[in-house]
Amino acid sequence: MADVSTKVDQGETPLQLDVGLLASFDLNPLDQKKYKKDREALLVERTRNATQHLVNAIFQLPISRSPTYGPLAALPPFESPIPREKPLPKPKPLTKWEKFARKKGITKKKKDRMVYDEERQEWVPRWGYKGANKALENQWLVEVPTGAEDEFRPDKEAAKKRKEARQKNEQQHQRNLARAEGAKAAAAPPKKAGELGSGVAARAARRAELEAGILRAKGSTASMGRFDKTLEGETKPRGVKRTFRPNEIDAGAERASNLALLSKIDKGGANLNVRKAIKHASNAEGSKAMIQRSEKERASKRRK
């Protein structure tokens, strides 16, 4: 039969409680003999003792009855300090506009997300799906300004301006991020020897890393980047260009090539790759073609 006793052994040091955190602390030292004899039994006993002490304290709190959850105890505010899981957030660096506004004393007024549409007599979002900034694009009849070209489309022009404004905002956002990174790098401690810091070598390394990332991204497409659009200022990727020798070459040049191959064979010794040597000497035509070519050369020399 399980032990249902509510008695608690306080030990030499009284048990400490923080009922607000539902925490019970047992600071008494462990009995070495009991620990060596049966560690699990000792730990279970100490845990049960501390838990029972916490339960006894909870039942002494004011309890209210809930028809859904039953009896509920009102926990007091906790007293023990709790360590943060994450470090304190660092303040975000000010953007260029925020610095200017703070210097001039300009206060930012946040715009409401919803605006009232007089034509539809309802509230619509300022941006996004069915936003008020697309009102001109969704009109079925739009007045063309005087002097406009024949192919002028007011809805297309409004959509173009909206996209340009969005791209401008994105560019300003990227500049703010770059400016913040620059300020962070300036405030950081100086780099040690061998570490990547600022300067020509560091910029070249970052540029090479970015180019490698672009090439990897292009290689992930179905055409391996062959039909991808090139970015503005993008250079052609460097690669190994294959060169092919002409089919007919001078006999002296061919003799010199064969002698160079023989010298490599003499240096290589037992590590000679015969197939690779024949392929190199015959211009990837095989040993039979090489023999036929040498016989033709001998025949032509006899005729002379």
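Overview of the structure.

Reading the values: rules and limits
Residues numbered from 1 in each chain as written. Predicted model: local features only at pLDDT ≥ 70, side-chain atom pairs only at ≥ 80, totals over all residues. Heavy atoms only, no water. Helix = DSSP H or I, 4+ residues; strand = E, 2+ residues; numbered from the N terminus. Buried < 20%, exposed > 50% of the residue type's maximum accessible area, 1.4 Å probe, protein only. Contact = heavy atoms within 4.5 Å. Areas by Shrake-Rupley, 256 points an atom, 1.4 Å probe, with all protein chains shown as cover. Polar contact = N/O pair within 3.5 Å; in protein donor to acceptor, adjacent residues only side chain to side chain. Patch = residues over 30% accessible without salt bridge, like charges linked within 9 Å, V, L, I, M, F, W, Y side chains within 5 Å. Salt bridge = Lys/Arg side-chain N within 4 Å of Asp/Glu carboxyl O. Pairing = 2+ DSSP bridges. Lys, Arg positive; Asp, Glu negative; His and termini not counted. Charge placed at Lys NZ, Arg CZ, Asp CG, Glu CD. Expected span 1.5 Å × (residues − 1).

### Here's the deal with the overall build of the protein chain
Thought 1: Counting its regular elements, the protein chain contains 8 helices and 6 strands.
Thought 2: Moving toward the C terminus, one meets the helices and strands of the protein chain in the order β-β-α-α-β-β-α-β-β-α-α-α-α-α.
Thought 3: Scored against the burial criterion, the 304 residues of the protein chain give a buried share of 12%.
Thought 4: Put simply, of all contacts in the protein chain between residues at least 6 apart along the chain, 34% involve residues at least 24 apart.
Thought 5: In the form shown here, the protein chain has an accessible surface area of approximately 27,800 Å², with 55% of it arising from carbon and sulfur atoms.

### Overview of the side chain of Asn28
Thought 1: By the element assignment, Asn28 lies in the loop between strand S2 (23–25) and helix H1 (32–37).
Thought 2: One polar contact links the side chain of Asn28 to the main-chain amide nitrogen of Thr13, over a distance of 2.6 Å.
Thought 3: A polar side-chain atom of Asn28 sits 2.9 Å from a polar atom in the side chain of Asp26.

### Brief notes about the side chain of Asp155
Thought 1: By the secondary structure assignment, Asp155 is in helix H4 (residues 154–187).
Thought 2: Given a relative accessible area of 18%, Asp155 falls into the buried group.
Thought 3: Within the structure, Asp155 has its side chain in polar contact with the side chain of Arg153 (distance 2.9 Å).
Thought 4: The residues touching Asp155, leaving out its near neighbours within four places in the chain, are Leu136 and Glu137.

### Examining a nonpolar patch on the surface
Thought 1: There is a patch of nonpolar side chains on the surface, built from Leu21, Phe78 and Ile82 and spanning about 280 Å² of accessible area.
Thought 2: Looking at the secondary structure, you find Phe78 in the loop between strand S4 (70–73) and helix H3 (96–104).
Thought 3: By relative accessible area, Phe78 is classed as partly exposed at 48%.

### Some points on the pairing of strand S5 (residues 114–117)
Thought 1: The sheet contact formed by S5 and strand S6 (residues 122–125) spans 4 bridges and is antiparallel. From the neighbouring strand, Tyr116 faces S6, where its bridge partner is Trp123.
Thought 2: Turn length for the S5-S6 hairpin, with the two strands adjacent in sequence and antiparallel, is 4 residues, and the turn residue Gln121 shows positive phi of about 60°.

### Notes on the environment of Ser5
Thought 1: Residue position: Ser5 is located in the segment before strand S1 (16–18).
Thought 2: Sequence separation between Ser5 and Gln52 is 47 residues, and the spatial gap between their C-alpha atoms is 8.9 Å.
Thought 3: In this view, Ser5 contacts Arg48 and Gln52; residues no more than four positions away in its chain are not counted.

### Side note on a positive patch on the surface
Thought 1: Together, Lys96, Lys99, Arg175 and Arg179 give the surface a local cluster of positive charge.
Thought 2: Of all the elements in the fold, those that place two or more residues in the positive patch are H3 and H4.
Thought 3: Its place among the elements puts Arg175 in helix H4.

### Structural notes on helix H2 (residues 39–58)
Thought 1: Look at H2: 29 Å from first C-alpha to last across 20 residues, which is about the 28 Å you get at 1.5 Å a residue.
Thought 2: By the burial criterion, the buried members of H2 are Leu42, Asn49, Ala50, Gln52, His53, Leu54 and Ala57.
Thought 3: Contacts from the buried residues of H2 go to S1, S2 and H1.
Thought 4: Where H2 begins, one side-chain oxygen reaches toward the backbone nitrogen of Ala41, 3.4 Å away; that side chain belongs to Asp38.

### Thoughts on unusual backbone geometry
Thought 1: Despite not being glycine, Leu22 has its phi angle at roughly 55°, a positive value.
Thought 2: If you trace the backbone, Leu22 turns up in the loop between S1 and S2.
Thought 3: Among the residues examined, Leu22 registers a relative accessible area of 46% and is labelled partly exposed.

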